[in-house]
Amino acid sequence: MPVFHKTKVLTDVPMHYCPGCTHGVVHRLVAECLEELGVAGKTIGVAPVGCAVFAYNYFNLDMAEAAHGRAPAMATGIKRVRPECVVFAYQGDGDLASIGAAETVHAAARGENITVIFINNGIYGMTGGQMAPTTLIGAKATTCPYGRDPKVNGYPVRVSEMLAQLDGPSYIARVSTHNARAVLDAKKHIRRAFEKQIEGKGFALVEVLTGCPTNWAMSPVDALKYVEEQVIPYYPLGVYKDTDKEVR
Amino acid sequence: MPKAKIKKEVCKGCGLCVVNCPKKILKLTEREINAMGYNYCQVSDPEACIGCAMCAAICPDCAIDVD
Ligand SMILES: Cc1ncc(C[n+]2csc(CCOP(=O)(O)OP(=O)(O)O)c2C)c(N)n1
Ligand code: SF4
Ligand code: SF4
Ligand code: SF4
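Residues numbered from 1 in each chain as written. Chains lettered and ligands numbered in written order. Predicted model: local features only at pLDDT ≥ 70, side-chain atom pairs only at ≥ 80, totals over all residues. Heavy atoms only, no water.

### Section: the packing of aromatic side chains
All names here are of chain A. Rule in force here: Stacked, tilted and edge-to-face pairs are distinguished by plane angle, under 30 degrees for stacked and over 60 for edge-to-face with tilted covering the rest, among Phe, Tyr and Trp rings (Trp via its six-membered ring) whose centres lie within 6.5 Å. Three labels apply to residues, based on accessible area from a 1.4 Å probe with only protein chains included: buried if under 20% of the type maximum, exposed if over 50%, partly exposed otherwise in between. Each helix is a run of H or I in the DSSP string that is no shorter than four residues. Each strand is a run of E no shorter than two, and both are numbered from the N terminus.
Scanning the model with the defined rule gives seven aromatic pairs over all chains in all. Ring geometry for F54 versus Y56: centroids 6.3 Å apart, planes at 90°, classification edge-to-face. You can call F54 partly exposed: its relative accessible area is 36%. A residue is classified by how much of its surface remains accessible, and Y56, at 33% relative accessible area, is partly exposed. Ring geometry for F88 against F194: centres 5.7 Å apart, planes inclined by 85°, an arrangement best described as edge-to-face. Placement of the pair is F88 in strand 3 (residues 86-92) and F194 in helix 8 (residues 180-198), with a sequence separation of 106 residues.

Pasting the structure below:
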């Protein structure tokens, strides 16, 4: 029996992501979870604006493409007219936490029965490395070339902690892709976030820490080392909300 | 025992599998490149592979099968 073969829920289209960008890892985890849960045939994904804009080419699923930041609103509409479908939004941190902050917060507050996969790479990847709401203090970006200064740029937003304060969400967790072990753990939480929707329990979001080797100007290996050593201390991993269990 | 097999033409030479292999048997080519222009990954000592699939878990491009 094969130990690992590429899931059929991904297409064979080569992903355009830069070498070592873990967007590809997260696509695979989502696809594997949907396959294992046996719901791929009735799943509709919503792609964002950002590096994952072509996600609809990579998932072997029905997909829609939302305007920048609007994926949770679009997913809300799709889920409400097709409640029998599994509906997810896949979004970066510029998309979800800046231009789409309102859509995110209100979809969560309404407890919309959708799943959101949130890629936190601390930067606007697609547009060439501008500061994101999640950029760490001191980290450089094209719009903060000397490093993020809280006096000028304010503080990074911890999205999972923020959304976990709301009554709407059923599940909020932060995971990472900095090594193979972390990836295996990430998959369990992504799976749980889809199970919550299937069980009708309401809004579930998994924040996934990834690297952006290109705009961080690091090798892929160094970028993931940076995630482990610098990013996780500011964005601790764990389950922030689970309506089925006591957390924290 | 299942073994890792690299799909050379899919590999982008990122090196993430190289550092995640517990047996340290994955190596990137130094000179040869694939059609995309990347140095690609090779299993330097297939006998030593334990089929753990840690390489496949971290590969962003599904360039590794373990079977
Ligand atoms: C309405 C609108 N405003 C701005 C843009 C430009 N834009 C494209 S992608 C992007 C940010 C993407 O960053 P992020 O969501 O972090 O995703 P990443 O590329 O890092 O995966 C911006 C600002 C746009 N396409 N549409
Ligand atoms: S720019 Fe960054 S986020 Fe976008 S594909 Fe490249 S490494 Fe990934
Ligand atoms: S299966 Fe395990 S031992 Fe074999 S190459 Fe991959 S990581 Fe190394
Ligand atoms: S992780 Fe995948 S793409 Fe990166 S070097 Fe290894 S086989 Fe190639």
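### Brief notes about the site of ligand 4
The line we're drawing: We call a residue near a molecule or strand when any one of its heavy atoms sits within 4 Å of it. Throughout, the ten residues Ala, Val, Leu, Ile, Met, Phe, Trp, Tyr, Cys and Pro are labelled nonpolar, Asp, Glu, Lys and Arg are labelled charged, and all others, Gly among them, are labelled polar.
For ligand 4, the full set of nearby residues is B:C11, B:K12, B:G13, B:C14, B:G15, B:C17, B:L28, B:C59, B:A63 and B:I64. Across the shell around ligand 4, the residue classes break down as seven nonpolar, two polar and one charged.

### Digging into the pairing of strand 7 (residues 171-176) of chain A
Here is the key point about a regular strand: its side chains alternate between the two faces of the sheet. All names here are of chain A. Applied cut-off: A pair of strands is labelled paired if DSSP reports no fewer than 2 bridges between them. Seen with its strands pointing away from the viewer, a crossover is right-handed if its path from the first strand over the helix to the second goes clockwise.
Most of strand 7 sits inside the fold, with six of its six residues counted as buried. Burial along strand 7 is two-sided: the residues Y171, A173 and V175 and I172, R174 and S176 are all buried. Pairing between strand 7 and strand 8 (residues 204-209): six bridges, direction parallel. When the sheet's bridge partners are listed, S176 is paired in strand 8 with L209. Chirality of the crossover, the property in question, places the unit of strand 7, helix 8 and strand 8 among those that are right-handed. The pairing of strand 7 with strand 9 (residues 238-242) spans four bridges and is classified as antiparallel. Paired with Y171 across the two strands is D242, which belongs to strand 9.

### Re unusual backbone geometry
Within the chain, A:A217 stands out as a residue other than glycine whose phi angle is a positive 55°. Among the residues examined, A:A217 registers a relative accessible area of 69% and is labelled exposed. Positive phi, close to 70°, is recorded for B:A53, a residue that is not glycine. Structurally, B:A53 is set in the loop between strand 3 (39-43) and helix 2 (54-58). Since its relative accessible area comes to 12%, B:A53 is described here as buried.

### A few points about the site of ligand 3
Close to ligand 3 lie 13 residues; B:C21, B:C49, B:C52, B:A53 and B:C55 are nearest. Broken down by class, the residue content of the shell around ligand 3 amounts to eleven nonpolar, one polar and one charged.

### Quick word on the side chain of A:T210
All names here are of chain A. Worth spelling out the cut-off: Between two residues, a contact is recorded if the distance between any of their heavy atoms is within 4.5 Å.
Among the structural elements, T210 can be located in the loop between strand 8 and helix 9 (213-216). Overall, T210 belongs to the buried group, its relative accessible area being 1%. Setting aside chain neighbours within four positions, we find T210 in contact with T22, V26, I119, N120, N121, T177, W216 and V227.

### Details of the confidence of the model for chain B
Stated precisely, the cut-off is as follows: A residue's pLDDT is the predictor's confidence in that residue, given on a scale from 0 to 100.
Overall, the prediction assigns chain B a mean pLDDT of 98, with 100% of residues at 70 or greater. In the predicted assembly, ipTM is 0.98 and pTM is 0.98.

### As for the interface of chain A and chain B
Let me state the cut-off plainly: The term buried area means the drop in 1.4 Å probe accessible area that two parts suffer when joined, counted for both and summed. Salt bridges are identified by distance alone: a Lys or Arg side-chain nitrogen within 4 Å of an Asp or Glu carboxyl oxygen. Any pair of nitrogen or oxygen atoms within 3.5 Å is treated as a polar contact; in protein, a donor-acceptor pairing is required on top of that, and neighbouring residues in sequence qualify only through side-chain atoms on both sides.
Each partner contributes to the interface: chain A provides 25 residues, whereas chain B provides 23 residues. Note on chain A versus chain B: buried area summed over both sides is about 1,900 Å², and carbon and sulfur give 67% of it. Along the contact surface separating chain A from chain B lie zero salt bridges. There are nine residue pairs in polar contact (both at pLDDT 80 or more) connecting chain A and chain B. Of all the secondary structure elements, the ones that give two or more residues to the side of chain A that touches chain B are helix 1 (23-37), helix 8 and helix 10 (220-234) of chain A. A total of four residues in the side of chain A that touches chain B trace back to one element, the largest contributor, which is helix 8 of chain A.

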